[in-house]
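What follows is the residue order along each chain.
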Amino acid sequence: MSDMAPPPCFYHFAAAFGAGGLLTLMILFNGTLAIYGSLYFASWVPHLTGTVAALALLIILRPKRVAAVRPPLWTYLGGVSGALTVMLTSATMNTALALSGTIALGLAGQVMFSLFADMRGLFGLPQRMPGARDYLSLTLIIAGSLILIFYGGGA
């Protein structure tokens, strides 16, 4: 199978690095909230903040209403998995894994699931078998994660 996707541009790389930076800040803030509160509190604060921000944007932008179409049930799992992710990362950030280990393992898990989703064609995407480059990337990410976790504490 050939990839027909256009080549990435600078904007794509900048957006990816920006999202990664925001993710790191989110985990740091949530872990700090978990220290002074609880995991439950650390999960509710960002979700409540996001809800208020989304409602404010909807009020300000006033988008046009479209015909009501029911989304598939699996789309609601994003909120559940998001809440669990916030709680688990808040808990692991305050352990020996620290911030870097938590993010590294999260990245490794995302890459492994994306390869699985590509192989199965999940979420309505075209089925694609991973190549040697994909497996090399996964190996390097896991190796880097293990180095961070087991040898990063002395730095």
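Basis of the calculations
- Residues numbered from 1 in each chain as written.
- Predicted model: local features only at pLDDT ≥ 70, side-chain atom pairs only at ≥ 80, totals over all residues.
- Heavy atoms only, no water.
- Salt bridge = Lys/Arg side-chain N within 4 Å of Asp/Glu carboxyl O.
- Helix = DSSP H or I, 4+ residues; strand = E, 2+ residues; numbered from the N terminus.
- Buried < 20%, exposed > 50% of the residue type's maximum accessible area, 1.4 Å probe, protein only.
- Expected span 1.5 Å × (residues − 1).
- Contact = heavy atoms within 4.5 Å.
- Axes fitted to C-alpha atoms, helices over the stretch in contact; angles between N-to-C directions.
- Parallel < 35°, antiparallel > 145°, perpendicular 65-115°, else oblique.
- Nonpolar A, V, L, I, M, F, W, Y, C, P; charged D, E, K, R; others polar.
- Phe/Tyr/Trp six-rings, centres within 6.5 Å; stacked < 30°, edge-to-face > 60°.

All told, the structure shown has two salt bridges when counted by the stated rule. Taking the shortest distance from any N to any O, the salt bridge between Arg 128 and Asp 118 comes out at 3.2 Å. Of this pair, Arg 128 sits in the loop between α4 (98-120) and α5 (132-151) while Asp 118 is found in helix α4, placing the two residues 10 residues apart along the sequence. We classify Arg 128 as partly exposed; its relative accessible area is 24%. Among the salt bridges present, the one from Arg 128 reaches Asp 134, with a minimum N-O distance of 3.2 Å. On the accessibility criterion, Asp 134 (22% relative accessible area) is partly exposed. One network of salt bridges, with partners in common, ties together Asp 118, Arg 128 and Asp 134.

Below, the discussion takes up the environment of Tyr 40. Here Tyr 40 is to be found in helix α2 (residues 39-61). Separated by 47 residues in sequence, Tyr 40 and Met 87 have C-alpha atoms that sit 6.9 Å apart.

Here α4 contains 23 residues, and its C-alpha end-to-end distance of 33 Å stays within 8% of the 33 Å for a straight helix at 1.5 Å per residue. Next to the buried residues of α4 lie α1 (10-36), α3 (77-93) and α5. Gly 121, located one to two residues past α4, shows a positive phi value of around 70 degrees.

This part takes up the packing of α1 against α3. Look at α1 against α3: their axes get within 8 Å of each other, and the N-to-C directions meet at 75 degrees. When the axis of α1 is compared with that of α3, the two are roughly perpendicular. In this structure, α1 contributes Ile 27, Leu 28, Asn 30, Gly 31, Thr 32 and Ala 34 to the contact, and α3 contributes Val 86, Thr 89, Ser 90 and Met 93. Its residues assigned to classes, the contact of α1 with α3 comprises five nonpolar, five polar and no charged.

In this section: the packing of aromatic side chains. Across all of its chains, the model carries four aromatic pairs by this definition. Seen in terms of ring centroids, Phe 113 and Phe 116 are 6.3 Å apart; in terms of plane orientation they differ by 45 degrees. Their pairing is tilted. Of this pair, Phe 113 and Phe 116 both sit in helix α4, separated by three residues, roughly a single helical turn. We classify Phe 113 as partly exposed; its relative accessible area is 43%. When the ring of Phe 113 is compared with that of Phe 123, the centres are 6.2 Å apart and the planes differ by 55 degrees; the resulting orientation is tilted. Placement of the pair is Phe 113 in helix α4 and Phe 123 in the loop between α4 and α5, with a sequence separation of 10 residues. Taking the relative accessible area as the measure of exposure, Phe 123 reaches 46% and is therefore partly exposed.

Interaxial distance between α3 and α4 falls to 8 Å at its minimum, and their mutual angle equals 140 degrees. Here α4 runs oblique to α3, going by the angle between their axes. For the pair α3 and α4, the contacting residues are Thr 89, Thr 92 and Met 93 in the first and Ala 98, Leu 99 and Thr 102 in the second. Residues of the contact of α3 with α4, tallied by class, amount to three nonpolar, three polar and no charged.

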